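# Descriptive analysis of the structure
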Amino acid sequence: MVTTPPLPTVDLRSDAVERVLVSRLLPAKLPPHLFSLLIWPAIYALYGGAMPGWMILGPAVLHVASNQAFLWLSAAYQREPDSLSPRQWKLRHGAAGAFLGAALGGAGFAVTLPGDAGRFAVVLLVLACIMIAPSRPLSGWTYYPLAGLAMLGLAIGLMSTGETVWLATAIALVPVYAAAVLTSRSLQLAQRQQAALTLSFDDLSRRHAGALADAATTRDRLQAIIDNMTDGVTLFDKDFRWLFSNRQLMEFQRFPENVAGPGASGRDSLRFQTRRGDFGLVADEAALEALVEERAQMMLKPGGNRYERRTASGRVIDFHFIPMPDGGLLAVYRDITELKERELEVARERDAAQAARAEAERASQRLSYAIESMESGFILFDADDRVVLHNQRALEHYAGVEDMIRPGAHMREMLEAAAHRGVVSLEGRSAEQWVEWRMALWRNPGAPREAWLPRGAWMLIGARRTADGGLAVVYSDITTLKTREAELDKARAEIESVRDTMRVVLDNMTDGVALYAGEETCLFH
C-alpha cells in the first residue's frame, strides 16, 4: 500500500516565512498605497476650495514622498531580494510607513476648519485609509506606526476645535487604534500560517517531483537492463494485458507496435499470430477463436508452462511462462536456434564417424548440458564507467576481484585489480598495457570475443552501449564448449588415421576388394 508522506511543518517565525511575507509586502505590481493619494482631492473638494493651500500641500507632498519610497523599495527588492535580510527590508518599509502615517495625520489640519459634515468625512477618509492599508495583515512594523501617527494627527486636530463632541471623538480614536492593532495581529498570524502552509506544500511538491524522477530513473535503468538481455521478456498483469516487454521479444515474434505493447491484450496478440498462421491453418472464425483460447490456456497454465516452437522470424524459441504472486504472468523467451543447429551438426558428425559415435554422443550431451545450464555474468556500467548493477555469476566468473565488483567501483580499478592479481591473462602485455588495451575495447565494443583466464576457464565476453552512454557487459563461461570442440577434433583425426591405415592395408593385399553401400555406391576399393 502506498502511504502519503506527512506534510512537513514550518516554524511561523522562520526566515523562510519572513521572506514570503516580505515578497507580499513589496510586490512587483503597483503598490496599493498609491490609491490613498485620492484622499487629498476628496478633502479639498469637501471644503469647496476654502482650505488654505499650505494646509493640504504639506501633507500631500509628504504622502507622495512616502509612496515614492514604497515604489523604490519594491523595485530594489525585485532586483535583488537577497541583498538584505527580511528584518532589514521590514525596517525600511516601516520607515516609509511612518512617513505615510504622518502624511495622513496631516489631515488633522482639515478638521480644524468649521463644518461638522466636513470633519466627519475627513475622519472617515483617514480611518478608511488606515483600515485598508496593505501592510495591515503583513507587517506590524509598518502598520502600527502608520496607524498610530495618522490617528494621533487626527486626534490633535479634533481636540484643537474645543468642541465636546469632537473631543469625545478624539478620545474614541484610542480604542479604535487598539482594535485596529488587535485585528491586524490576527490577520498577520493568518498570513504567517498561510505562508507556512504554502512553503510546506512547495516542499512536498519538490519531494514528490524528486520521487517521480527517481522512479523514472529506476524504470529507465530496468528497461536498459532487459533490453540488453539475450532473452526476450514480457510481463502481463492479472487481466492478461501487457505491462512491458523488451526489444528481443519484439524481434523474436515480429510483433507490430499496435499489437504488442503496454495495455495490449494478450489474447489480441495471440489472435494476430493465429491469423498470420503461426499456429497452423484454421478453417473459420470459430476455429480461430478456439485456437486462440487454447494457446492462451497454455500460457496461463497453473504452475507455469514451458515448450519450444519455431516463430515467424524463423528462430527456434524456448517459451517459459511463470505465474506471478499478484496474478500476473512473466514470459521468458530464449533463442535456442544455434543450440538446435549445433545438435544437428553433432548428430551428422556422429553418423559419419561410427567409431566415435559413443564419444560424440557424450560430447553432445555434455555440450547441450553446458549450454542449457549456462548462466551468464552481467555487469552494467554508467556513462562514467562506474558499476551500476551486477549479478552473482559475475563474481563467480572473476573470483579474486570480487571486492572490486561493486556499485560505484570504476571499470579501470576493476581491470587494474584483475591484472595485478593474476585473475586474467595479460597476453604478453604488461599490466598497465593490458588495462589500457581493455579500456580501449570497452570504449568501442565490437563483436563478442573469447578470453582465457589463468584459472583455466574460457569466457565469451560481449558488450553493448546503452542509450544513456553506459555499457552492458555479458560474461559467458564457454570452457566446456571449448573442451568438447578439442575432443571432437581429436576424434576426427583418429578416424582419419584409421581410414588411412585401412587404405594402406587394402592397397597391399593380393586380392581385389571393394565395399559397396547398396548396389551402385562404392565406398572404397
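The rules we used
Residues numbered from 1 in each chain as written. Predicted model: local features only at pLDDT ≥ 70, side-chain atom pairs only at ≥ 80, totals over all residues. Heavy atoms only, no water. Helix = DSSP H or I, 4+ residues; strand = E, 2+ residues; numbered from the N terminus. Buried < 20%, exposed > 50% of the residue type's maximum accessible area, 1.4 Å probe, protein only. Contact = heavy atoms within 4.5 Å. Areas by Shrake-Rupley, 256 points an atom, 1.4 Å probe, with all protein chains shown as cover. Pairing = 2+ DSSP bridges. Salt bridge = Lys/Arg side-chain N within 4 Å of Asp/Glu carboxyl O. Axes fitted to C-alpha atoms, helices over the stretch in contact; angles between N-to-C directions. Parallel < 35°, antiparallel > 145°, perpendicular 65-115°, else oblique. Left-handed = near helix turned anticlockwise from the far one by under 90°. Nonpolar A, V, L, I, M, F, W, Y, C, P; charged D, E, K, R; others polar. Phe/Tyr/Trp six-rings, centres within 6.5 Å; stacked < 30°, edge-to-face > 60°. Patch = residues over 30% accessible without salt bridge, like charges linked within 9 Å, V, L, I, M, F, W, Y side chains within 5 Å.

## Some details on the overall build of the protein chain
- Helices and strands together make up the secondary structure of the protein chain, namely 16 helices and 12 strands.
- For the protein chain, buried positions account for 40% of its 525 residues.
- Taking the intrachain contacts of the protein chain between residues at least 6 apart in sequence as the baseline, contacts between residues at least 24 apart amount to 54%.
- With an accessible surface of roughly 29,000 Å², the protein chain has 59% of that area assigned to carbon and sulfur atoms.

## Re the pairing of strand S4 (residues 316-323)
- Bridge count for strand S3 (residues 305-310) against S4 is six bridges, and the pairing is antiparallel. Within the sheet, the bridge partner assigned to Tyr 307 lies in S4 and is Phe 319.
- Between S3 and S4, which pair antiparallel and follow one another directly, the connecting turn spans five residues, one of which, Gly 314, has a positive phi of 85°.
- Here seven bridges tie S4 to strand S5 (residues 329-335), and the two strands are oriented antiparallel to one another. Bridge pairing in S5 links Asp 318 to Arg 334.
- As consecutive antiparallel partners, S4 and S5 are separated by five residues, and within that stretch Gly 327 has a phi angle of approximately 95°, a positive value.

## Here's the deal with the pattern of salt bridges
- Counted by the stated rule, this structure contains 24 salt bridges.
- Of the charged contacts in the structure, one is a salt bridge between Glu 343 and Lys 340, with a shortest N-O distance of 3.8 Å. Here Glu 343 and its partner Lys 340 are both found in helix H11 (residues 337-352), three residues apart, which amounts to about one turn of the helix.
- For Glu 343, a relative accessible area of 29% gives the class partly exposed.
- Judged by its relative accessible area of 25%, Lys 340 is partly exposed.
- Glu 436 is paired through a salt bridge with Arg 412; the nearest N and O atoms lie 2.7 Å apart.

## With respect to the sheet that holds strand S2 (residues 242-245)
- Read across the sheet, five strands follow the order S2-S1-S5-S4-S3 without closing on themselves; strand pairing throughout is antiparallel. Two strands bound the open sheet, and with one partner strand each, they are S2 and S3. The sheet shows a mean angle of 20° between the axes of neighbouring strands, taken without regard to direction.

## Some points on the packing of helix H3 (residues 53-79) against helix H4 (residues 86-105)
- Axis separation between H3 and H4 bottoms out at 7 Å; the angle between their running directions is 160°. Looking at the two axes, H3 sits roughly antiparallel to H4. Seen from above, H3 lies across H4 with left-handed handedness. Across from Pro 59, Leu 62, His 63, Ser 66, Asn 67, Ala 69, Phe 70, Leu 73, Ala 76 and Tyr 77 in H3, the residues of H4 making contact are Trp 89, Arg 92, His 93, Ala 96, Gly 97, Phe 99, Leu 100, Ala 102, Ala 103 and Leu 104.
- Classifying every residue of the contact of H3 with H4 gives 14 nonpolar, five polar and one charged.

## With respect to the packing of aromatic side chains
- This model, assessed by the stated rule, comprises 13 aromatic pairs.
- Centroid distance Trp 54 to Phe 109: 5.6 Å. Interplanar angle 70°. Geometry classified as edge-to-face. Of this pair, Trp 54 sits in helix H3 while Phe 109 is found in the loop between H4 and helix H5 (116-131), placing the two residues 55 residues apart along the sequence.
- Taking relative accessible area as the criterion, Phe 109 reaches 40% and is therefore assigned partly exposed.
- Relative to Tyr 333, the ring of Phe 321 lies with its centre 6.3 Å away and its plane at 90°, an arrangement referred to as edge-to-face. Linking Phe 321 in strand S4 with Tyr 333 in strand S5, this pair joins segments that are 12 residues apart in sequence. In this structure, Phe 321 and Tyr 333 share a single accessibility class: buried.
- Among the aromatic residues, those joined into a ring-pair cluster are Phe 236, Phe 240, Trp 242, Phe 255 and Phe 272.

## Comments concerning the environment of Ala 178
- Note on placement: Ala 178 falls in helix H7 (residues 164-227).
- Along the primary structure Ala 178 and Tyr 144 are separated by 34 residues, whereas in three dimensions their C-alpha atoms are 9.9 Å apart.

## Some remarks on the sheet that holds strand S8 (residues 449-452)
- Within the open sheet, the five strands sit side by side as S7-S6-S10-S9-S8. Their pairing is antiparallel. The strands lining the two open edges of the sheet, one partner per strand, are strand S7 (387-390) and S8. Direction aside, the axes of adjacent strands within the sheet are offset by 25° on average.
- In the sheet, strand S6 (residues 377-381) pairs with strand S10 (residues 471-477) via five bridges, with the strands oriented antiparallel. Across the sheet, residue Gly 377 finds its bridge partner in S10, namely Tyr 475.
- Sitting on the sheet, helix H15 (residues 431-443) touches S8, strand S9 (458-465) and S10, and the angle it makes with S9 is about 50°.

## Some words on a nonpolar patch on the surface
- Taken together, the side chains of Leu 149, Leu 152, Ile 156, Met 159 and Leu 167 make up a nonpolar region of the molecular surface, amounting to roughly 420 Å² of accessible area.
- Counting residues per element, the nonpolar patch draws most heavily on helix H6 (residues 140-160), which supplies four residues.
- Within the secondary structure layout, Ile 156 lies in helix H6.

## Concerning unusual backbone geometry
- Residue Asp 385 is not a glycine yet carries a positive backbone phi of 65°.
- By the element assignment, Asp 385 lies in the loop between S6 and S7.
- Classification of Asp 385 as buried rests on a relative accessible area of 18%.
- Notably, Glu 427 is not glycine yet its phi reads approximately 55°, a positive angle.

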